[in-house]
Amino acid sequence: MTDQELNRAVQYVTASTSYGRDTVAEILKTGMGEMTALATQSSERFERDVLLEYVCQWTIKRTGQTEPLVREILGCASRWLDEVYEEISKRQSESLGRTTDDDDDDKGVEPV
């Protein structure tokens, strides 16, 4: 997710809720940052609901904001969270595909 996309999400959520821009930005940056970190550091595949619940709990702990507030803000930004999740899934699938192909090539087996 680019800074421009994140700013667009912050603007949308700020306009859709009664929360201040700084609060919204802190929550979205924290939540989406953790999703991105998981994508780059973990080889484990996560179901969407499990990943979003983890990100929600992580964001609550990191920001010190209340659960209802964090859930509402992340819920309003669900379109962007879904885009990040799709990118994570795509990267993980590509990574797994490359690993399998690389292993097959090392063994002299033609990739299928």
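So, how was this worked out
- Residues numbered from 1 in each chain as written.
- Predicted model: local features only at pLDDT ≥ 70, side-chain atom pairs only at ≥ 80, totals over all residues.
- Heavy atoms only, no water.
- Core = buried A, V, L, I, M, F, W, Y, C linked by side-chain atoms within 4.5 Å.
- Buried < 20%, exposed > 50% of the residue type's maximum accessible area, 1.4 Å probe, protein only.
- Helix = DSSP H or I, 4+ residues; strand = E, 2+ residues; numbered from the N terminus.
- Polar contact = N/O pair within 3.5 Å; in protein donor to acceptor, adjacent residues only side chain to side chain.
- Contact = heavy atoms within 4.5 Å.
- Salt bridge = Lys/Arg side-chain N within 4 Å of Asp/Glu carboxyl O.

Enquirer: Please explain the nonpolar core as it appears in this structure.
Expert: For soluble globular proteins, the rule of thumb is that nonpolar side chains tend to be buried together. Core analysis: the largest hydrophobic core is formed by 27 residues, its most contacted members being L28, M32, M35, L51, I73 and L74. When contributions to this core are tallied by element, the ones reaching two or more residues are α1 (3–16), α2 (21–41), α3 (48–63), α4 (67–76) and α5 (78–106).

Enquirer: Is there a simple way to think about the side chain of T63 in this case?
Expert: Relative to the elements of secondary structure, T63 occurs in helix α3. The exposure class of T63 is buried, given its relative accessible area of 13%. Of note is the side chain of T63, whose polar atom sits 2.7 Å from the backbone oxygen of T59. A polar side-chain atom of T63 sits 3.2 Å from the main-chain amide nitrogen of Q65. In contact with T63, not counting residues within four places along its chain, are E26, I27, T30 and V70.

Enquirer: Would you take a moment to explain the pattern of salt bridges for this structure?
Expert: Where charged atoms of side chains with opposite charge meet at close range, the side chains can pair. Applying the stated criterion across every chain, the model contains 4 salt bridges. For D49, the salt bridge is made with R48, and the minimal N-O distance between the two is 3.4 Å. Close ionic contact of R71 with E53 constitutes a salt bridge, the shortest N to O distance being 2.8 Å. Taken together, the positions of R71 in helix α4 and E53 in helix α3 put the pair 18 residues apart, joining distant regions of the chain. Classification of R71 by relative accessible area gives partly exposed; the value is 34%. Judged by relative accessible area, which is 34%, E53 ranks as partly exposed.

Function cannot be read off these values alone, since they describe shape.
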